[in-house]
Amino acid sequence: MKATKPKEKGGRESERQIVPLKQGNLLEGTLWREGGAIVMEPLEGKMQGTSRPESVSTRLQRVAKLSKEAPEMVWTTLAHHIDLWLLKEAYRLTRKDGAVGVDGQTAREYEENLEDNLQDLLNRFKSGTYKAPPVRRSYVPKGDGKKMRPIGIPTFEDKVLQRAVAMVLEAVYEQDFLECSYGFRPKRSAHQALEELWRDTTRVNGYVLEFDIEKCFDTLDHGHLRSFLDKRVRDGVIRRAIDKWLKAGILEVGTLRYPETGTPQGGVVSPILMNIYLHEVLDKWFAQEVKPRLSEEACLIRYADDAVIVFYSKADADRVMEVLPKRFGRFALSLHPQKTRLIKFTRPSPGNDKAGRSGSFDFLGFTHYWAKSRNGTWVVKRKTAKDRFTRALKRIGWWCRANRHLAVEEQHRVLALKLRGHAQYYYIRGNSSAVARFYHEVRGIWRKWLNRRSQRSRMNWERFTRLRKMYPFPTPRLASS
């Protein structure tokens, strides 16, 4: 098509290069190139659209397809994909047993008049009258049991709307995110990140830079986040909702305050906003600017705000180690001083029975280290990190102490669920001994608190052995990637 000059507000004309949609995209509209970006606008009458339940995933797939075909395209209209049917799907995917927000409304209460509630939510979202409620702040114990970790609890309705917006953003940005990113993404898991890291450390055999972004969710700069979103999504309805969530207050002990940085505490939309931010700050920067300047191979693996880089060359590692804090500082982020370090991670030489010359590092709850296999060759092994092991045992101990007067059958049921969850994550190749030791320690903790149920009836080991036969713990199964 020929270039046209549509009039803008104020009578000024701008040059726009019209780009026709490819046949078969299944999206009707007009594309044009403006300021180096491709912008899409649907045809008149296609904004509202009527969709049926079975078309929710299909419509999102169409958005994903077009986003993949036009990586420079900026979406100016996306909110029309959020209709009653997509809100119903968002409701279905939202956890129903979570704590209540500032309005005190439970999922069951919301469900009593679900159709009208979702329709009212949709109307307020589209008209711009939706008000993001404050997030209720609560605290849970950290791993050491001494410090408390703050968590945010949005209202149930807010979770549903955030889920719907996140689903649409995911359809767009999953086409942009790089392979090195694993956290909070569909069909990707921590186990996949661990397997990729295992392959890289075994193959590269050099140096590992492990780092953690300090309070990442709490310190994301709103201005930078908006500029990153401008590159891909400029839909006014969606952007207005995101801005409201960013500005929503935090209610703590009757005091309401408004943070100037960070993503919504506990919000469903926070993970994808964080991924968008770090995609621009770290992933693209490393792939497009850092790797081409390195003398040898290097691999980045990131899971949310936790990341490692594996290097062949010490000189390359030193250069990145020096520039990385400056890169994050430019975008108002900082590296955790205790969790950021560069270590030598090299296969010990033949005949050397000591792996101490090569360091170890932790990533996603596992300690990675060099050790000999059964056939005597040096391999990278992984075991449950010491702090994670101790933290999990303390939580079991707290639960057993608080619930020691429950029926033994009920205690066994809950402990079996906790052990199954632990094994589903930590039982990977080479870590069976740590999982077996965890099971053994849990049995001891359970006997300890059963023994304190009564001063008359003691739970000695002989009696506890008979009890274990009546209530056996589930056999751990190897986790799959």
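Conventions adopted
- Residues numbered from 1 in each chain as written.
- Predicted model: local features only at pLDDT ≥ 70, side-chain atom pairs only at ≥ 80, totals over all residues.
- Heavy atoms only, no water.
- Helix = DSSP H or I, 4+ residues; strand = E, 2+ residues; numbered from the N terminus.
- Contact = heavy atoms within 4.5 Å.
- Areas by Shrake-Rupley, 256 points an atom, 1.4 Å probe, with all protein chains shown as cover.
- 1 Å grid on protein atoms, 1.4 Å probe; cavity = no way out; pocket = protein on both sides within 12 Å on 5 of 7 lines; lining within 4 Å.
- Points joined across faces, edges and corners; volume = space filled by probe spheres on them.
- Nonpolar A, V, L, I, M, F, W, Y, C, P; charged D, E, K, R; others polar.
- Salt bridge = Lys/Arg side-chain N within 4 Å of Asp/Glu carboxyl O.
- Buried < 20%, exposed > 50% of the residue type's maximum accessible area, 1.4 Å probe, protein only.
- Pairing = 2+ DSSP bridges.
- Axes fitted to C-alpha atoms, helices over the stretch in contact; angles between N-to-C directions.
- Parallel < 35°, antiparallel > 145°, perpendicular 65-115°, else oblique.
- Left-handed = near helix turned anticlockwise from the far one by under 90°.
- Phe/Tyr/Trp six-rings, centres within 6.5 Å; stacked < 30°, edge-to-face > 60°.
- pLDDT = per-residue confidence, 0-100.
- Patch = residues over 30% accessible without salt bridge, like charges linked within 9 Å, V, L, I, M, F, W, Y side chains within 5 Å.
- Lys, Arg positive; Asp, Glu negative; His and termini not counted.
- Charge placed at Lys NZ, Arg CZ, Asp CG, Glu CD.
- Core = buried A, V, L, I, M, F, W, Y, C linked by side-chain atoms within 4.5 Å.

(A) Here's a closer look at the overall build of the protein chain. A count of helices and strands for the protein chain gives 15 helices and 15 strands. Residue pairs in contact within the protein chain that sit at least 24 positions apart in sequence constitute 67% of those at least 6 positions apart. Carbon and sulfur atoms provide 49% of the accessible area of the protein chain, an area that totals close to 25,600 Å².

(B) Representation of empty space enclosed by the protein in the model. Under the counting rule described, the total for this entry stands at one cavity of 30 Å³ or more. By volume, the largest cavity is sized at about 40 Å³. In this structure, the largest cavity is lined by F125, G128, Y130, V237, R240, A241 and K244. Per-element tally for the lining of the largest cavity: the top contributor is helix α9 (residues 236-247), with four residues. Broken down by class, the residue content of the lining of the largest cavity amounts to four nonpolar, one polar and two charged.

(C) Region of the structure containing the pattern of salt bridges. Tallying each qualifying case throughout the model produces 27 salt bridges. With a shortest N-O distance of 2.7 Å, E69 and K65 are connected by a salt bridge. Residue E69 and its partner K65 are both found in helix α1 (residues 56-69); the two are separated by four residues, about one turn of the helix. Judged by its relative accessible area of 33%, E69 is partly exposed. The residue D120 makes a salt bridge to R124 at a minimum N-O spacing of 2.9 Å. Pair noted here: D120 and R124 are both in helix α4 (residues 114-127), with a separation of four residues, about one helical turn. Overlapping salt bridges bring together D120, R124 and E157 as one network.

(D) The arrangement of the sheet that holds strand β13 (residues 361-363) in detail. Read from one edge of the open sheet, three strands run β13-β14-β15, paired in antiparallel fashion. Each edge of the open sheet is held by one strand with a lone partner, namely β13 and β15 (378-384). Between one strand axis and the next, the sheet turns through 40° on average, direction left out of account. Sheet topology places β13 next to strand β14 (residues 366-372); three bridges connect them, and they run antiparallel. By the bridge assignment for β14, F363 is matched with F366.

(E) Molecular detail of the packing of helix α13 (residues 408-426) against helix α14 (residues 432-450). Where α13 meets α14, the closest approach of the two axes is 11 Å, and the angle between their N-to-C directions is 160°. Considering the angle they form, α13 stands roughly antiparallel to α14. In this structure, the crossing between α13 and α14 has a hand that is right-handed. Seen from α13, the contacting residues are V408, Q411, H412, L415, L419, R420, H422, A423 and Y426; seen from α14, they are V435, F438, Y439, V442, W446 and L450. A per-class count over the contact of α13 with α14 returns eleven nonpolar, three polar and one charged.

(F) Spotlight on the packing of aromatic side chains. Applying the stated criterion across every chain, the model contains 16 aromatic pairs. Ring geometry for F345 against W370: centres 5.6 Å apart, planes inclined by 35°, an arrangement best described as tilted. Of the two residues, F345 is situated in the loop between β12 (341-344) and β13 and W370 in strand β14; the sequence distance between them amounts to 25 residues. Residue classification places F345 among the buried positions, given a relative accessible area of 1%. For W370, a relative accessible area of 4% corresponds to the buried category.

(G) Region of interest: the side chain of R239. Tracing the sequence through the fold places R239 in helix α9. Setting aside anything within four residues of it in sequence, one finds R239 in contact with R226, L229, D230, V233 and R234.

(H) Representation of the environment of S181. Tracing the sequence through the fold places S181 in the loop between α5 (156-173) and α6 (190-204). Among the residues examined, S181 registers a relative accessible area of 0% and is labelled buried. As for S181 and H279, which are separated by 98 residues in sequence, their C-alpha atoms are 8.2 Å apart.

(I) How the structure looks around the confidence of the model for the protein chain. This prediction gives the protein chain a mean pLDDT of 87; 86% of its residues lie at or above 70. With pLDDT under 50 throughout, residues 1-30 is counted as low confidence; its partners more than four residues away or in other chains account for 64 contacts. The model gives residues 41-51 a pLDDT under 50, and that stretch makes 21 contacts with residues more than four places away or in other chains.

(J) Spotlight on a positive patch on the surface. Taken together, R401, K448, R452 and R458 make up a surface patch of like positive charges. Secondary-structure assignment places R458 in the loop between α14 and α15 (461-470).

(K) Spotlight on the sheet that holds strand β5 (residues 135-141). If you walk across this open sheet you meet the four strands as β6-β5-β8-β9, and the pairing is mixed. A strand with exactly one partner marks an edge of an open sheet, and here the two such strands are β6 (148-153) and β9 (255-257). Strand after strand, the sheet turns through a mean of 35° between neighbouring axes, direction not considered. Strand direction decides the pairing type here: strand β8 (residues 250-252) and β9, joined by three bridges, are antiparallel. The residue of β9 that forms the bridge with I250 is R257.

(L) Expanded view of the nonpolar core. Counting 80 residues, the largest nonpolar core has I82, L169, F211, I238 and F328 as its most contacted members. If you tally residues by element for this core, the top one is α5, at twelve residues. Residues contacting F328, with those up to four places away along its chain left out, are F211, I213, L278, V281, L282, L333 and L335. Ranked by size, the runner-up nonpolar core spans 46 residues in total, among them Y182, L194, F366 and M459.

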